[in-house]
Amino acid sequence: MRFSATDSADRSVLVTEVGTRDGFQVEAEFIPTESKAAVINALIDAGVRSFEATSFVSPRAIPQLADASQLMDQLHRKPGVRLSALVPNARGAERAAAAKVDMMVCFVSASESHCQANLNKPIAQALADVAEFVPIARQYNIPVRGAIAVAFGCPFEGDTAVDSLLRIADTYHELGVRHLSLGDTTGMATPPVVERAVDALQRRFSDMAIALHFHNTRGVGLANVMVGLQMGIREFESSIAGLGGCPFAPGASGNICTEDLVYLLHESGYDTGIDLDRLCEVARQVEALLGRGLPGQVMKAGQRLRRFTLDGARRAVG
Ligand code: COA
Ligand code: ZN
């Protein structure tokens, strides 16, 4: 087993920032659209190339993201930067296309209970909604990515069977979807659970790019990333400062933190194209925006070779 990237072809990792979607969606107080846009624009300036920026879902379900169209208008688009958004149905697809998203993300839960809580319908109906909107996306030439929620365990039903993942991924594949994202909605993934799921999906689909979306609910998010890297996964989803949660799952907490993920990747020899110091600045700005401390660690401790003066240390200890 090796823990660092070796050949250059293997070294590039795509970090998809989901904080303004997965993170902001659980904030009770409405965050002004300009503030949301400022976070994304600062992240673009720090070198982040991929975002799940917002959701084109029912504003009744997620009031915080009711401003999805206005937000998209305020983002500084750059070549090579992908702005994606969650889309649950045809209505959402039309809104997302009008807002010129670069990618739509369909999402279905691997368990019936979570699907009901999240989308208010059984898995079969949720997949039928996806089947209805994929042609709309195609008509606008917008690629679709298929996300599976509670992919590594469900707070209502327990462990997620690999067969449930394969069934949903099969439907996505039949619809022409070639990007898959496995969501660990409530942080139930562990290294063996990740290995089992990713191995089964990689064996079944040689033509699907797989991304992993971990939450750090039980503190093993970055250990799971290392397993993914070992298995050849080169895309991970994370939230700036460790924002996050799912309003429809008890005990859900923050995503793995973007700046901690980028620190791990860079220290392990992977390239992300992201400037870590600037990323930490944005993380601190997000703490200021929300008015509370957030879980990110590297923004507080600095990088490992950060040096302190002895004088400063004595004062801190004394
Ligand atoms: N965009 C905007 N409005 C939408 C919409 C969309 N994509 N889809 C539905 N709506 C509106 C409907 O027009 C309707 O509005 P009205 O009550 O004013 O007439 C209302 O939302 C309910 O629509 P309905 O089709 O009856 O859906 P529902 O109440 O069964 O909800 C979903 C189904 C999928 C729309 C809703 O559960 C949802 O948006 N869930 C998203 C959950 C989410 O984002 N979770 C976090 C991510 S893991
Ligand atoms: Zn999530």
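Remember, predicted model here, so these are calculated numbers, not experimental data.

Each value, and the rule that gives it
Residues numbered from 1 in each chain as written. Chains lettered and ligands numbered in written order. Predicted model: local features only at pLDDT ≥ 70, side-chain atom pairs only at ≥ 80, totals over all residues. Heavy atoms only, no water. Axes fitted to C-alpha atoms, helices over the stretch in contact; angles between N-to-C directions. Helix = DSSP H or I, 4+ residues; strand = E, 2+ residues; numbered from the N terminus. Parallel < 35°, antiparallel > 145°, perpendicular 65-115°, else oblique. Left-handed = near helix turned anticlockwise from the far one by under 90°. Contact = heavy atoms within 4.5 Å. Nonpolar A, V, L, I, M, F, W, Y, C, P; charged D, E, K, R; others polar. Polar contact = N/O pair within 3.5 Å; in protein donor to acceptor, adjacent residues only side chain to side chain. Donors = N, O, S within 2.8 Å, 3.2 Å for Na, K, Ca; no water. Buried < 20%, exposed > 50% of the residue type's maximum accessible area, 1.4 Å probe, protein only. Near = heavy atom within 4 Å. 1 Å grid on protein atoms, 1.4 Å probe; cavity = no way out; pocket = protein on both sides within 12 Å on 5 of 7 lines; lining within 4 Å. Sits in = over half its atoms within 2 Å of the grid points. Points joined across faces, edges and corners; volume = space filled by probe spheres on them. Salt bridge = Lys/Arg side-chain N within 4 Å of Asp/Glu carboxyl O.

Student: Give a description of the packing of helix H4 (residues 90–98) against helix H6 (residues 123–139) that names residues and reports values.
Tutor: The relative placement of two packed helices comes down to the angle between their axes together with the axis-to-axis distance. Their axes nearest at 8 Å, the elements H4 and H6 cross at an angle of 20 degrees. With respect to H6, the axis of H4 lies roughly parallel. In the crossing of H4 with H6, the sense of the turn from one axis to the other is right-handed. Along the contact surface, H4 presents Ala90, Ala93 and Glu94, while H6 presents Glu132, Phe133 and Ile136. A breakdown of the residues in the contact of H4 with H6 according to their chemical character gives 4 nonpolar, no polar and 2 charged.

Student: Can you lay out the environment of Asp129 for me, pointing to particular residues and giving the numbers?
Tutor: Structurally, the position occupied by Asp129 is in helix H6. Linking Asp129 and Val108, residues 21 residues apart in sequence, is a C-alpha distance of 9.9 Å. Those residues in contact with Asp129 that sit more than four places away from it in its chain are Pro88 and Lys121. Of note is the side chain of Asp129, whose polar atom sits 2.8 Å from the side chain of Lys121.

Student: Requested: an account of the coordination of the zinc ion (ligand 2), with residues and values cited.
Tutor: The zinc ion (ligand 2) binds to the protein through Asp22 (OD), His213 (NE2) and His215 (NE2); the donor distances cover 2.0 to 2.1 Å. Donor residues binding the zinc ion (ligand 2) come from one chain and are separated in sequence as D-x190-H-x1-H. With Asp22 in helix H1 (residues 19–23) and His213 in strand E7 (residues 209–213), this pair connects stretches of sequence that are 191 residues apart. Judged by relative accessible area, which is 6%, His213 ranks as buried.

Student: Quick rundown of the site of ligand 1? Include the residues and the values.
Tutor: As a matter of local geometry, ligand 1 sits amid 19 residues, with Arg60, Arg91, Arg95, Asn118 and Asn120 nearest to it. Between ligand 1 and Arg91 there is a distance of 2.7 Å, counted from an oxygen atom to a side-chain nitrogen or oxygen. More than half of the atoms of ligand 1 fall within 2 Å of the grid points belonging to the largest pocket. Contributions of two or more residues to the shell around ligand 1 are made by H4 and helix H5 (112–119). Broken down by element, the shell around ligand 1 gets its largest block of residues, 3 residues, from H4.

Student: Break down helix H9 (residues 221–230) for me, citing the residues and quoting the values.
Tutor: In terms of burial, H9 is largely enclosed, as 7 of its 10 residues are buried. Within the sequence span of H9, burial applies to Gly221, Asn224, Val225, Met226, Val227, Gly228 and Leu229. The inward-facing, buried residues of H9 contact helix H8 (191–204), E7, strand E8 (235–238) and helix H10 (258–267). Residue Gly232 follows H9 closely and has a positive phi angle near 95 degrees.

Student: Can you explain unusual backbone geometry? Please cite residues and give values.
Tutor: Its identity is not glycine, yet Asn120 carries a phi of approximately 60 degrees, on the positive side. Despite not being glycine, Ala241 shows a phi value in the positive range, around 65 degrees. With respect to the element layout, Ala241 can be found in the loop between E8 and H10.

Student: So, empty space enclosed by the protein: which residues are in play, and what are the values?
Tutor: Summed over the entire model, instances satisfying the criterion amount to 1 cavity of 30 Å³ or more. Each pocket or cavity is described by its volume, and for the largest cavity that value is around 30 Å³. If you trace the largest cavity, you find it lined by Ala151, Phe152, Thr160, Val162, Leu165, Val193, Arg196 and Ala197. When residues of the lining of the largest cavity are traced back to their parent elements, those giving at least two are helix H7 (162–174) and H8. The biggest single contributor to the lining of the largest cavity is H8, with 3 residues.

Student: Tell me about the pattern of salt bridges, and name the residues and values.
Tutor: Any two side chains of opposite charge can pair, so long as their charged atoms come close to each other. Counted under the stated rule, the structure contains 16 salt bridges. Across the pair Asp22 and Arg21 runs a salt bridge, and its minimum N-O distance is 3.5 Å. Just as Asp22 is buried, Arg21 falls in that class too. Between Glu52 and Arg21 there is a salt bridge; the shortest N-O distance is 2.7 Å. Of this pair, Glu52 sits in strand E2 (residues 50–55) while Arg21 sits in helix H1; the two residues are 31 residues apart in sequence, bridging distant segments of the chain.

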